[in-house]
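# Descriptive analysis of the structure
Here is what each chain is made of, one letter per residue.
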Amino acid sequence: METRAASAQDAEGMGQVIREIIEHTGRQRPNDVDIVMGRYIADPTSIRCTVAVDGSGNIVGFQSLKKAVAGNPYDTPEGWGIIGTHISPTAHRQGVGKLLFSTTREAACQAGLKKIDAYIGADNPSGLKYYDAMGFRTYRTSDGIVQKVCDL
Ligand SMILES: CC(C)(COP(=O)(O)OP(=O)(O)OC[C@H]1O[C@@H](n2cnc3c(N)ncnc32)[C@H](O)[C@@H]1OP(=O)(O)O)[C@@H](O)C(=O)NCCC(=O)NCCS
């Protein structure tokens, strides 16, 4: 397993990861190539988007880190980081999330961030436990959402 910065050629593989998560969880989310490009790869607020690639060259997951700007959809305080993690169910509990976060954390420190926000469904125990394990703590809850922060 290795990680590298996401590029435009990865958009299809990243969309496929999202579709596999949808199939597994039943929770819908946008997954077409244009959305993946706009939301994760070409977003001007992106600091780093990292893909995890298996030995056959397949993308098994990705993690995005963006800078929170005024009016962001998560109401994250301006200047914090915003993290998002998507890993194929075929690769869960194999350390992919942990590997991705080591890269993301480094990128966040290099970018001078002090805090990273994770926006998680309250009905997503894996996501909640994952971010706890990565050193995040709950700082806000609202209407089925838990927001956790990591102090860098
Ligand atoms: C949540 C998610 C990112 C975890 O990724 P992962 O690659 O399976 O995580 P890792 O294998 O690196 O696990 C790291 C640690 O997180 C915790 N963890 C991860 N998944 C867990 C689970 N299902 N139950 C309990 N703890 C879990 C554990 O402490 C784990 O360490 P351990 O395996 O040594 O006990 C992955 O399940 C995922 O992408 N889910 C779908 C999308 C999602 O929920 N995104 C995040 C919230 S929006």
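Below: a short report on this structure. (Residues numbered from 1 in each chain as written. Predicted model: local features only at pLDDT ≥ 70, side-chain atom pairs only at ≥ 80, totals over all residues. Heavy atoms only, no water.)

### Quick word on helix H1 (residues 11-25)
- The first and last C-alpha atoms of H1 sit 21 Å apart over 15 residues, in line with the 21 Å expected at 1.5 Å per residue.
- Among the residues making up H1, those that are buried are Ala11, Met14, Gly15, Val17, Ile18, Ile21 and Ile22. Here the buried residues of H1 occupy an arc of 155° about the axis, which is enough to place them on one side. Facing away from the buried surface of H1 by more than 90 degrees, the exposed residues are Glu23 and His24.
- On its buried face, H1 is in contact with helix H2 (33-41), strand E2 (46-53), strand E3 (59-67) and strand E4 (81-87).
- Immediately beyond the C-terminal end of H1, within one or two residues, lies Gly26, with a positive phi of roughly 80°. (Helix = DSSP H or I, 4+ residues; strand = E, 2+ residues; numbered from the N terminus. Expected span 1.5 Å × (residues − 1). Buried < 20%, exposed > 50% of the residue type's maximum accessible area, 1.4 Å probe, protein only. Arc of directions from axis to C-beta. Contact = heavy atoms within 4.5 Å.)

### Considerations on the layout of surface pockets
- Taken as a whole, the largest pocket holds about 1400 Å³ of empty space.
- Along the wall of the largest pocket there are 42 residues; nearest its centre are Arg29, Thr85, Asn124, Gly127 and Tyr131.
- Of all the secondary-structure elements, those providing two or more residues to the lining of the largest pocket are H1, H2, E3, E4, helix H3 (96-110), strand E5 (115-121) and helix H4 (125-133).
- Here the residues of the lining of the largest pocket are counted per class, giving 19 nonpolar, 15 polar and 8 charged. (1 Å grid on protein atoms, 1.4 Å probe; cavity = no way out; pocket = protein on both sides within 12 Å on 5 of 7 lines; lining within 4 Å. Points joined across faces, edges and corners; volume = space filled by probe spheres on them. Nonpolar A, V, L, I, M, F, W, Y, C, P; charged D, E, K, R; others polar.)

### Here we look at the side chain of Lys66
- Inspection of the secondary structure puts Lys66 in strand E3.
- You can call Lys66 buried: its relative accessible area is 15%.
- There is a polar contact of 2.6 Å between the side chain of Lys66 and the backbone oxygen of Arg39.
- There is a polar contact of 2.9 Å between the side chain of Lys66 and the side chain of Asp43.
- Look past the residues within four positions of Lys66 in its chain and what remains in contact with it is Arg39, Asp43, Thr45, Ser46, Ile47, Trp80, Gly81 and Ile82. (Polar contact = N/O pair within 3.5 Å; in protein donor to acceptor, adjacent residues only side chain to side chain.)

### What to know about the packing of aromatic side chains
- Scanning the entire structure with this criterion turns up 6 aromatic pairs.
- Ring centres 5.1 Å apart and planes at 70° place the aromatic pair Tyr40 and Phe62 in the edge-to-face group. Linking Tyr40 in helix H2 with Phe62 in strand E3, this pair joins segments that are 22 residues apart in sequence. A single burial state applies to Tyr40 and to Phe62, both of which are buried.
- By the ring-pair criterion, three or more aromatic residues cluster together here, those being Phe101, Tyr130, Tyr131 and Phe136. (Phe/Tyr/Trp six-rings, centres within 6.5 Å; stacked < 30°, edge-to-face > 60°.)

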